[in-house]
Amino acid sequence: MIDALNFADLRRSARRTLPRAIFEYIDRGTEDESGMAHNRRAFEQKRIAPRILQGASPRSTSTQLFGKTLQIPIVVAPTACAGLVWYKGEIALAKAAAQAGIAFCAATEAITCVEEIAANSRANLWFQLYLWEHQAMSEALVERARQSGAETLVLTVDTPVYANREYNVRNGMGMPFKYSVRNTLDVMCHPHWLAKVLGRYMINGGAPSFANYPQAYRQTILGGGSKQRLEHTPQLTWAHVARLREIWKGNLVLKGIVRADDALRAIDHGVDGVVVSNHGARNLDSAVAPIDALPAIVEAAAGRLTVLMDSNIQRGSDIFKALALGAQAVMVGRAFLYGTAMGGEAGALHTARMLRRELDLTMGNSGARNIVDIDGGLMAP
Ligand SMILES: Cc1cc2nc3c(=O)[nH]c(=O)nc-3n(C[C@H](O)[C@H](O)[C@H](O)COP(=O)(O)O)c2cc1C
């Protein structure tokens, strides 16, 4: 039974279930981790000024995004390695998203390939792209995502170089995993994970790897497979956005912008949407909090972009604040990974329902009966 009442409960349970290297990979930030606390403080400092006597029933959390209905204004954020918290965790997440009526964004660095996710779920499927140094290989992957039914392509633009995550070095976390006595013992101390996640991969075809990567570049987490590496392009520029705009006819979204002038350039490049994000404070510890950057971006976009927001959302009231400050929907990462670690599809669905309930209660107590009622007028000046 999944009895988590809130984000903190989900996190506590995931911490118990997962080996330390995997839990910390999900949970932590980068360098001194001031960015995570800063993102949280920025949410806390924004206060709602509820409008009274509006009648609180009926209420609905449903909305439209890129012409499709979402029952909650949430897209499951793309996360590398969701398949390490649960056997084929990406499929569990995608199925839960379909059931909850929200969208699911598959990641380039997923453990389950985009075709398999699409074949095993009815999700409103998006695809996140890290551009590799071999452009032709990236374009082939984009085509695979299209053929799998993805209508929205999310180019991640806030990771031009890899983040400085020292805890991953200490924990040996990476592709491949670096063994030490400490981390091997730690894995042994999580027999449930060993049997239900790693064990199932070993029985069903082998150790996990980045399944979207071309076979010649696919290394497994245990160090098997190819030794050839396929790096993200170190030259990511607006020219790549222009090229993607040429080849991708669906919705094109840039993920990881925090500046109004970048939003304007995105519009000039024919981009359809942006995710105002600092990657959950995982990349640049000193980056501005997305919730603080959001209003200026919404103003600059002036309705010409679909604006989403993410980073350290833990409560429905955080979602409410993002919508009130102009986002049309949010992405949520960690909360869904903790839920999936707790109970696969059921755990991820539990997370969606928990966030929906919290958003709904915040709406009810703030004088908003529908998502369109949530606007800047409900925020304290
Ligand atoms: C374990 C983990 C892996 C992630 N992998 C990716 C990724 O491969 N591509 C990407 O664009 N963002 C990635 N992100 C960032 C998320 O898409 C999202 O921006 C962030 O998690 C939002 O913050 P939250 O997790 O606090 O909700 C990852 C986040 C986590 C926690």
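Quick notes on the rules
- Residues numbered from 1 in each chain as written.
- Predicted model: local features only at pLDDT ≥ 70, side-chain atom pairs only at ≥ 80, totals over all residues.
- Pairing = 2+ DSSP bridges.
- Helix = DSSP H or I, 4+ residues; strand = E, 2+ residues; numbered from the N terminus.
- Axes fitted to C-alpha atoms, helices over the stretch in contact; angles between N-to-C directions.
- Core = buried A, V, L, I, M, F, W, Y, C linked by C-beta atoms within 7 Å.
- Buried ≥ 20, exposed ≤ 12 C-beta atoms within 10 Å, placed from the backbone.
- Contact = placed C-beta atoms within 7 Å.
- Right-handed = clockwise from strand over helix to strand, strands pointing away.
- Near = placed C-beta within 6 Å.
- Nonpolar A, V, L, I, M, F, W, Y, C, P; charged D, E, K, R; others polar.
- Arc of directions from axis to C-beta.

Caption draft 1: Seen up close, the sheet that holds strand 4 (residues 103–106). Ordered in space as 3-4-5-6-7-8-9-10, the eight strands form a closed barrel in which the pairing is parallel. Strand-to-strand twist of the sheet, defined as the mean angle between neighbouring strand axes without regard to direction, takes the value 30 degrees. Pairing analysis gives four bridges linking strand 5 (residues 124–129) to strand 6 (residues 152–156), with the strands arranged parallel. Paired with Trp126 across the bridge in strand 6 is Thr152.

Caption draft 2: Just the nonpolar core, in detail. One finds Val75, Val76, Phe104, Phe127, Leu153, Val274 and Val330 to be the most contacted residues of the largest nonpolar core, which totals 120 residues. Looking at this core element by element, the count peaks at 13 residues for helix 14 (residues 334–364). When near neighbours in sequence (up to four residues on either side) are disregarded, Leu153 contacts Phe127, Leu129, Val142, Ala145, Leu244, Trp248, Gly250, Leu252 and Val253.

Caption draft 3: Fine view of the pairing of strand 5. Counting buried residues along strand 5, six of its six residues qualify, which places the element largely inside the surrounding structure. In strand 5, alternate side chains face the same way, and those of Asn124, Trp126 and Gln128 on one face and Leu125, Phe127 and Leu129 on the other are all buried. Where strand 4 meets strand 5, four bridges bridge the pair, whose relative direction is parallel. Residue pairing in the sheet places Cys105 in a bridge with Trp126 of strand 5. The parallel pair strand 4 and strand 5 is bridged by helix 5 (residues 114–119), and the resulting crossover is right-handed. For the segment spanning strand 5, helix 6 (residues 135–147) and strand 6, crossover handedness is right-handed.

Caption draft 4: Expanded view of the site of the ligand. Around the ligand sit 25 residues, and of these Ala77, Thr156, Gly280, Gly333 and Arg334 come closest. Across the shell around the ligand, the residue classes tally to 11 nonpolar, nine polar and five charged.

Caption draft 5: Just helix 1 (residues 7–17), in detail. What helix 1 keeps buried is the set Phe7, Leu10, Arg11, Ala14 and Thr17. The buried residues of helix 1 all sit within an arc of 125 degrees when viewed along its axis, so they share a single face. Of the exposed residues in helix 1, the ones pointing more than 90 degrees away from its buried face are Ala8 and Arg16. The secondary structure elements touched by the buried residues of helix 1 are helix 2 (20–27), helix 9 (191–203) and helix 14.

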